[in-house]
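Survey of secondary and tertiary structure
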Amino acid sequence: MRLDHGLMLMEGQKQQLNCSSRTRRNLVLRLAALAVVILLALPSSAAKFTTSLDRDRILLGETVTLTLSIEGATPTSMPQLPAIPGLQVAGGMTYGTSSSIGADGKAHTVTTFSVPLAATQTGEFQIPGFQLELAGQKLSSAPLRLTVLAEDASGPPAEFGQRAAFLWLVLPKKEFYIGETFVPELRLYVRPGVRNIGGFEPPTLQGEGLTASRWVSGGNYSRRVGDRQFTVVPMTCAATAVKTGPLKTGNLTASVVLNPPDVFERMWGRRADTEQVPLTLPPQDFRVLPLPANNVPPNFTGAVGNYTLNVAAGPTNVATGDPITIKVQISGRGTLSALTLPPNEWDGFKSYPPTAKTETTDALGIQGTKTFEQVVSAESVSIKEIPPLAFSFFDPEAKQYQTLIQPAFPLTVRPGGATVVPVIAANTTNPDAPQPPAQDIVHIKPRPGTLAQVSPPLIQQPWFIAAQTVPLLAWLVALAYRKRADSLAANPRLHRQRQVAQIIRAGLRELQRHADANDSDAFFATLVRLLQEQLGERLDCPASAITEAVIDEKLRPRGLAESSCAELHHLFQTCNLARYAPIKSSQQLAALVPRFETVVRELQNLKA
Amino acid sequence: MIIRLKSFLPVLWLAVGTLATSVTAADTAQRFDTANKLYEERKFPEAAAAYEAMLTSGTTSPAVYFNLGNARFKSGEIGRAIVAYRQAAQLTPRDPDIKANVQFARNQVQGPTLRPSRLQRAFGLLSLNEWTGLTAGALWLTFLMLAVMQLRPVLRASLRNVTLIAGGVTLFLGVCLLATVQLNTGRDLAVVTARDVLIRNGPLDESQTSFTANDGAELRVLDRKDDWLQVTDGTRRVGWLKRSEVGTL
């Protein structure tokens, strides 16, 4: 049945399908609307067009969603949707856009159109590639395959229908080849009546000799188990067998909370119908076969899957030494990341390390294109062709090796010496233009530069860390100095005490100097001044007001020792006598200094 | 006579030291040229060994690491080349040649690998020592201005705003320094240096394979146990591999 002849609007999954002219008109209207939306909504930029199905295996009566993804393009004509025999539109079209900033810093906008489809009969369906004219070029999507079954032979047994929730693992087959990538499906079945689920972390698919990617969720659907209709939460991953022999998947254990309470329900206690269900799934057996040892192509490098080869080379009219870029695109399904550039003998060419880029078109990353760019340069004018290129892989579906051959490209090589290198205008007018991809690494440096001893970074060197405390200490010292200055400013007596102590220290040195010089007048003048300063500070009165009388009037009542009072008297009297009978001996003057020091210490200890 | 000799000792030491330094520098330059010659003769493994010997002797420069990376790359050792390039980039992060070659080498890596984030690229514009020097300079400036404000109260009003700005800059640079230490020092980064390394679910030879990493794949180290490293490729895939199968910066 053709899509444009047999599609009809489905009211729901349970509604039976039939064909009528009214539904055909609906389909045409929907497709026209789809085209108009695409025409109006899409921005003009680089074009990329892909299609996908949310499942590739359904039961008769179930729906599958066909998604058209268009990345940055302005179509100039209505997309020609191909006929899909045996499939009908089963619901309204949904439309959405998403924007993201790519690694190149540019915005990428993807527009998706989703159409639910339903099958009217069982069998294998091939959805042909879609044709779309975008940005002046015609793009087509890859064909898709859909299997419609009458019943789910790989589904759980009917007695599982009594469970509230359970896990079920579906392997697409029981025998794989080593290196073959396949897609296991992990299904979480949830009983009817469950509004929502929570606390479910899909268990990692493990097993000896098995590598698997993380699970990717698909769209939920309904499926009958026993006499109950369950909601199925499907997840798929990409798995690859890396060891031969009979193998098993690991135990899968998880848990799920049915009807988990929301924020408000948590405040008032758990819901009555909240239920935590443990989920366990026993191991599943499968067998991994080695690749056939017969008829192995000579250039086979281990690729397993189903691929096509597309090779382009240019320019093909070059001078010797000119770079020729050979672009090898390997498209298909398999472990794309493990694909390597087909080996080739570049006799007569200088070859550079190739670059590789992988673009996947599905969520699991197993379908897409890997592009290699190999730069070579002809070293002789005798070279007439770029050698043929062959890529071999093992096709697990066909169970045999396949070899794809790209014939040789004719090549014209001119002598390179006399060729004038053309000036590329774009490079002079647009310095911001993207540079062409590098074809080799930058050559080694001729000079060693500044040599240094291997040492840990500064931040790990103790001396450097210790040095960082210097400004902190400087600030702390300055802070202490400021506090001290403030403190002295607020306490005049303390200030004077410190000043006098300083004067005494300087005065003692002065006395010693006068004694050494035998300068009696200066010595006694200094001694009197120092005595007045010290006594004035202790008695909190001006130094000029100090006379010998204060000893008996003020110091003795304050508790100054008798011997100290006597010593003070002696010093004052000696000073008075010296005015009239100067002492000539330097030793005599020097002998007074320690006595003065002793008295001063006594005075400083006296309570002010 | 002895006194006269003693007075000449410092000068003698200085002369001997200068002579030794110049001899060492000349010797290093000679070894560098020898290694370069091996490279030009396309004896890449021998050239790599010569560069390695220079580094082992304790002499380093970005150019030595860079040339070592080139020799490794030409020897087909992409992982070891990336390690060398990144070590060169740690010393001179803005060298366009290093950036070009590390990018070129990364483009050759197949399979899962970590790519530096925007944040890592931003903090990688300066080397760790440059970030450290800037932060230390700002710290010194801030505290010295605080000290001046204490010692010269009349300058407080005029210095307050400048000090606040210097403090803010210090804080910002300190955060950048910490982020650089966390993101770019390579302590938690491992580069696969062997072909088709099996990443296992546990730190045992008997553990099942989680995924495969190719030569040059950059992985983040999550944990260490004996001779094993727990790594992730930036997605949710986590596994263990032997230390001998990776290179670290």
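Here the structure is a predicted model, which means the values were calculated and not measured.

A few words now on the overall build of chain B. Along the backbone of chain B there are eight helices and eight strands. In chain B, which comprises 249 residues, the proportion classed as buried is 45%. Long-range pairs, those at least 24 residues apart, make up 57% of the contacts in chain B with a sequence separation of at least 6. As displayed, chain B has an accessible area near 13,000 Å², and 62% of this comes from carbon and sulfur atoms.

The number of helices and strands found in chain A is eleven helices and 36 strands. Going through the 608 residues of chain A one by one, you find that 40% of them count as buried. Within chain A, contacts between residues separated by at least 24 positions form 71% of all contacts whose residues are at least 6 apart in sequence. Accessible area of chain A: about 32,400 Å², with a carbon and sulfur share of 54%.

Residues and elements named next belong to chain B. Over its 13 residues, helix H2 (residues 44-56) runs 18 Å from end to end, which matches the ideal 18 Å to within 8%, given 1.5 Å per residue. Along H2, the residues that are buried comprise Phe44, Ala47, Ala48, Tyr51, Met54 and Leu55. In an axial view of H2, the angular spread of the buried residues amounts to 115 degrees, which keeps them on one side of the axis. Looking at H2, the residues exposed on the side facing more than 90 degrees away from the buried face are Pro45 and Thr56. Positive phi shows up at Gly58, right after H2, with a value of about 100 degrees.

For the rest of this paragraph, the subject is the sheet that holds strand S20 (residues 239-241) of chain A. Read across the sheet, three strands follow the order S13-S20-S16 (chain A) without closing on themselves; strand pairing throughout is antiparallel. Two strands close off the open sheet at either side, each with one partner strand: strand S13 (181-182) and strand S16 (210-212) of chain A.

Attention now goes to the interface of chain B and chain A. Each side of the interface is counted separately: chain B has 54 residues, and chain A has 52 residues. Contact with chain A buries surface across chain B, with Phe104, Gln110 and Gln150 of chain B losing the most and accounting together for 14% of the total. Counting the contacts that link chain B with chain A gives two salt bridges. Between Lys445 of chain A and Asp97 of chain B there is a salt bridge, and its shortest N-O distance comes to 3.1 Å. Run the count over chain B and chain A and you get eleven residue pairs in polar contact (both at pLDDT 80 or more). The element that contributes the greatest number of residues to the side of chain B that touches chain A is helix H7 (residues 128-151) of chain B, accounting for twelve residues. Of the pairings in the sheet, the one linking strand S36 (residues 452-453) of chain A to strand S1 (residues 59-60) of chain B comprises two bridges and is antiparallel in character. Of the residues in S1 of chain B, the one forming a bridge with Gln453 of chain A is Thr59 of chain B.

Moving on: the sheet that holds strand S7 (residues 123-127) of chain A. Residue and element names in this part refer to chain A. Read across the sheet, three strands follow the order S2-S10-S7 without closing on themselves; strand pairing throughout is mixed. The open sheet terminates on both sides in strands that have one partner only, identified here as strand S2 (57-59) and S7. For this sheet the average axis-to-axis angle between neighbouring strands, irrespective of direction, equals 25 degrees. The pairing of S2 with strand S10 (residues 144-149) spans three bridges and is classified as parallel. The partner of Arg57 across the bridge, within S10, is Thr147.

All names here are of chain B. Using the criterion set out here, one finds 23 salt bridges over all chains in the structure. Here Glu77 ties to Arg72 by a salt bridge, and the two come within 3.0 Å at their closest N and O atoms. Among the ionic pairs, Arg106 bridges to Glu218, the shortest N-O distance being 2.8 Å. Here Glu218 lies in strand S5 (residues 218-225) and Arg106 lies in helix H5 (residues 96-108), a separation of 112 residues in the sequence.

For the rest of this paragraph, the subject is the packing of helix H4 (residues 78-91) of chain B against H5 of chain B. All names here are of chain B. Here H4 crosses H5 at 155 degrees, and the two axes come no closer than 9 Å. In terms of orientation, H4 and H5 fall into the roughly antiparallel class. Once H4 is placed against H5, the crossing between them reads as left-handed. Contacts between H4 and H5 involve Ile78, Ile82, Tyr85, Arg86, Ala88 and Ala89 on the former and, on the latter, Ile98, Asn101, Val102, Ala105, Arg106 and Gln108.

Okay, a nonpolar patch on the surface next. Residue and element names in this part refer to chain A. On the surface, Leu472, Leu473 and Leu476 cluster together to form a nonpolar patch covering roughly 240 Å² of accessible area. Along the chain, Leu476 falls in helix H6 (residues 469-490). Since its relative accessible area comes to 39%, Leu476 is described here as partly exposed.

Here we take up the packing of aromatic side chains. In the structure shown here, the tally under the stated rule is 21 aromatic pairs over all chains. Taking 5.9 Å as the distance between ring centres and 55 degrees as the angle between the ring planes, the aromatic pair formed by Trp475 of chain A and Phe143 of chain B counts as tilted. Note that Trp475 of chain A is positioned in helix H6 and Phe143 of chain B in helix H7, a pairing that runs across two chains. By way of ring pairs, the aromatic residues Phe160, Phe166, Trp168, Tyr189 and Phe230 of chain A are connected into one cluster. Across the ring face of Phe211 of chain B, the terminal group of Arg237 of chain B is positioned such that the distance to the ring centre comes to 4.7 Å.

Averaged over every residue, the pLDDT of chain B is 85; the share at 70 or more is 88%. Confidence estimates for the predicted assembly give a pTM of 0.44 and an ipTM of 0.79.

Another point: helix H8 (residues 520-539) of chain A. Residues and elements named next belong to chain A. Over its 20 residues, H8 runs 28 Å from end to end, which matches the ideal 28 Å to within 8%, given 1.5 Å per residue. In terms of burial, H8 is largely enclosed, as 15 of its 20 residues are buried. Looking one or two places after H8, you find Asp540, whose phi comes out positive at around 55 degrees.

As a further point, take the pairing of S10 of chain A. As paired strands, S7 of chain A and S10 of chain A are joined by five bridges and run antiparallel to one another. When the bridges of S10 of chain A are listed, Glu124 of chain A appears paired with Thr147 of chain A.

Residues and elements named next belong to chain A. Across chain A, the average pLDDT comes to 79, with 82% of residues at or above 70. Mean pLDDT values over the elements of chain A span from 33, in helix H1 (residues 3-6), up to 93, in helix H5 (residues 462-467). Across residues 35-45 the pLDDT falls below 50, and counting only partners more than four positions away or on other chains, this stretch makes 25 contacts in the model. Predicted confidence is poor over residues 417-431, with pLDDT under 50, and the contacts of this stretch with residues over four places away or in other chains come to two contacts.

Quick notes on the rules
- Per chain, the residues get numbers from 1 upward, laid out in the order the sequence is written.
- All chains are assigned letters beginning at A, and all ligands numbers beginning at 1, according to the order in which they are written.
- With pLDDT at 70 or above as the cut-off, local features in this predicted model cover only qualifying residues; side-chain atom pairs require 80 or more to be listed or tallied, and sums for whole chains, interfaces and linings still use all residues.
- Calculation of side-chain values draws on the structure's entire complement of heavy atoms; hydrogens and water are dropped beforehand.
- Where helices and strands are cited, they refer to DSSP runs of H or I of at least four residues and of E of at least two residues respectively, numbered from the N terminus.
- Each residue is assigned to one of three classes by its accessible area relative to the maximum for its type, calculated with a 1.4 Å probe on protein chains only: buried under 20%, partly exposed between the two thresholds, exposed over 50%.
- By the convention used here, residues are in contact when the closest approach between their heavy atoms is within 4.5 Å.
- For accessible areas, the Shrake-Rupley method is used with a probe of radius 1.4 Å. Any residue's cover is judged against the shown protein chains and nothing else.
- Multiplying 1.5 Å by the helix residue count minus one yields the expected span of that helix.
- Here the arc refers to the directions that run from the helix axis out to each C-beta atom.
- Between any two strands, pairing holds if DSSP finds at least two bridges.
- When two parts are brought into contact, each loses some accessible area as probed by a 1.4 Å sphere; the total of that loss over both is the buried area.
- The rule for a salt bridge is simple: a side-chain nitrogen of Lys or Arg has to be within 4 Å of a carboxyl oxygen of Asp or Glu.
- Counted as a polar contact is a pair of N or O atoms within 3.5 Å, where, for protein atoms, one must be capable of donating a hydrogen and the other of accepting one, and residues adjacent in sequence contribute only when both atoms are in side chains.
- Structural elements are reduced to axes, namely lines fitted to C-alpha atoms, with helices fitted over the stretch in contact, and the angle between N-to-C directions of any two is expressed from 0 to 180 degrees.
- Any angle that is under 35 degrees is reported as roughly parallel, and any over 145 degrees as roughly antiparallel; angles of 65 to 115 degrees are reported as roughly perpendicular and all others as oblique.
- Crossing chirality is assigned from the near helix's rotation relative to the far helix, an anticlockwise turn below a right angle marking it left-handed and a clockwise turn marking it right-handed.
- Here the term patch refers to residues with relative accessible area over 30% and no salt bridge, with like charges joined within 9 Å and nonpolar side chains (Val, Leu, Ile, Met, Phe, Trp, Tyr) within 5 Å.
- When the centres of two rings from Phe, Tyr and Trp lie within 6.5 Å, Trp using its six-membered ring, the rings pair. Their planes under 30 degrees apart give stacked, over 60 give edge-to-face, and anything left gives tilted.
- Here, over-ring charges are defined by two tests on the NZ atom of lysine or the CZ atom of arginine: distance to the ring centre within 6 Å, and angle to the ring normal within 35 degrees.
- Note: pLDDT gives the predictor's confidence per residue, expressed from 0 to 100.

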